[in-house]
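Chain residues, written in single-letter form:
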Amino acid sequence: METMSETRKPVILSGIQPSGILTVGHLAGALNNWVKLQETFHCYYMIANMHAITVKQSPAELRQRTLETAALFLAVGIDPERSLLFIQSQVPEHSQLAWVLSSMTGFGELSRMTQFKDKSEKHPENINAGLFTYPILMASDILLYQADAVPVGEDQKQHLELTRNLAQRFNYYYSDTFKIPEPYIPNVGSRIMSLQEPTKKMSKSDENQNSLIFLNDSNEVIINKIKRSVTDSEAEVKFDETNKPGISNLMTLYHLATNATFDEIEKEFSGKGYGDFKLAVGHAVAEWLSPVREKYNTIIKDKKRLQSILIYGAEEAHKVAFRTLDKVYKKVGFIRF
Ligand code: ATP
Ligand code: LTN
């Protein structure tokens, strides 16, 4: 593999927390896009396990989820020959840069972050400092690799704006050091909603497993979850996100699985009941996800290969991250012998 530093391809960095198994929402809204970006960018794809512990995690589960997340990245088509896949905690520069940046971040700035407010409300028993300074660690993730663009969902745009502000502040105060990253919000991509509360995003930390389609769910489980999904009391298959969020969500899934347009779906199921429609969606989604699950099952069994991909990723990431951190340390006046 050519090393990142030897080429001039623009750099992409993104990450997902291993706080649960990845869902079909991640595939539709992030991973499919990550796979495509490999064609034009140098991609760093990170498992954000340090971010994950800002919410209480069981250590054994976190270890397991970290490997599962890596295996799912590979199963959907992240290619370790072209992209660097690594675990955040294995590259120490992330927390080192975060400390420097934290001395340049205002308490007021962090207090305005809506994700902090949301997560504090969701976990009132554990409003910790890590949850508060979370966006600084995220800024470090991005700035260490001089990323040109960061593919993120809407919910992360505010963190990216803070990242840009911190980079500009550092560059202005010391001298040009960091590239100012742009948000990369894909124009194609879909938001998949919870199967049980279709006005809410499908979210891997949802406690109700029936709301989620995991990327490694069996066909039978997928079909059953979709059969039991919440819909409205009418009987018309029609795309209307406001009045028919459940059916619209199933139509989005059917569209993603089969490529059929919403018009075609409406025609195909006109006059048929929701039962028939749900069954068709269940089968289509099962068929769509089967190859991912099969690849995942093979990859997760070969722990040695998985480990060596992750070790290689961390070593290469470290080389790039170290160069940036070294400059930062020099500029802030940390003595080096
Ligand atoms: P958590 O529940 O652990 O807070 P999450 O499941 O909401 O997390 P993230 O890990 O924050 O998901 O998501 C990572 C990326 O995947 C984001 O960029 C987001 O846009 C995308 N994504 C997550 N869930 C969905 C979804 N339901 N539909 C579309 N995109 C999604
Ligand atoms: N906060 C992000 C995950 C994340 C990330 C990053 C995304 C951590 N570090 C750097 C992009 C770039 C989330 O919860 N989706």
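Just above, that's the structure.
These numbers come from a predicted model, not from an experiment.

## What to know about the site of ligand 1
Not every one of the 16 residues close to ligand 1 is listed here, only the nearest: Ser19, Ile192, Ser203, Lys204 and Ser205. One nitrogen or oxygen atom from the main chain of Gly25 is found 3.2 Å from a nitrogen atom belonging to ligand 1. Between ligand 1 and Lys201, the relevant distance is 2.8 Å, taken from an oxygen atom to a side-chain nitrogen or oxygen of the residue. For ligand 1, the protein covers 88% of the area, taking 610 Å² as the surface of the free molecule. It is helix H1 (residues 24-37) that contributes the most residues to the shell around ligand 1, four residues altogether. Residues that form the shell around ligand 1 fall into these classes: five nonpolar, eight polar and three charged.

## Some words on the packing of aromatic side chains
Under the counting rule described, the total for this entry stands at 15 aromatic pairs. Pairing Trp34 with Tyr45 gives two aromatic rings, centres 4.4 Å apart and planes at 0 degrees, and the pair type is stacked. In this pair, Trp34 sits in helix H1 while Tyr45 sits in strand E2 (residues 42-47), placing the two residues eleven residues apart along the sequence. Overall, the relative accessible area of 2% leaves Trp34 in the buried class.

## Structural notes on the packing of helix H9 (residues 219-227) against helix H12 (residues 274-301)
H12 packs onto H9 with a crossing angle of 145 degrees between their chain directions and a minimal axis gap of 8 Å. Seen from above, H9 lies across H12 with right-handed handedness. Only Lys278, Leu279, Val281, Gly282, His283, Val285, Ala286, Leu289, Ser290 and Arg293 of H12 make contact with H9, whose side of the interface consists of Asn219, Ile222, Ile223, Ile226 and Lys227. The class makeup of the residues in the contact of H9 with H12 is eight nonpolar, four polar and three charged.

## Digging into the site of ligand 2
Around ligand 2 sit 14 residues, and of these Gln17, His51, Tyr134, Asp141 and Gln156 come closest. In this structure, Tyr134 approaches ligand 2 through a side-chain N or O atom, which is 2.6 Å from a nitrogen atom. In this structure, a nitrogen atom belonging to ligand 2 sits 2.7 Å away from a side-chain N or O atom of Asp141. Isolated, ligand 2 exposes 370 Å² of accessible area, and the fraction of that covered by the protein chains is 89%. Elements represented by at least two residues in the shell around ligand 2 include exactly strand E1 (11-16) and helix H7 (129-143). Top contributing element to the shell around ligand 2 by residue count: H7, with four residues. Tallied by class, the residues present in the shell around ligand 2 amount to eight nonpolar, five polar and one charged.

Here is what the cut-offs are and how they apply
Residues numbered from 1 in each chain as written. Chains lettered and ligands numbered in written order. Predicted model: local features only at pLDDT ≥ 70, side-chain atom pairs only at ≥ 80, totals over all residues. Heavy atoms only, no water. Near = heavy atom within 4 Å. Polar contact = N/O pair within 3.5 Å; in protein donor to acceptor, adjacent residues only side chain to side chain. Areas by Shrake-Rupley, 256 points an atom, 1.4 Å probe, with all protein chains shown as cover. Helix = DSSP H or I, 4+ residues; strand = E, 2+ residues; numbered from the N terminus. Nonpolar A, V, L, I, M, F, W, Y, C, P; charged D, E, K, R; others polar. Phe/Tyr/Trp six-rings, centres within 6.5 Å; stacked < 30°, edge-to-face > 60°. Buried < 20%, exposed > 50% of the residue type's maximum accessible area, 1.4 Å probe, protein only. Axes fitted to C-alpha atoms, helices over the stretch in contact; angles between N-to-C directions. Left-handed = near helix turned anticlockwise from the far one by under 90°. Contact = heavy atoms within 4.5 Å.

These figures come from the coordinates and say nothing about function on their own.
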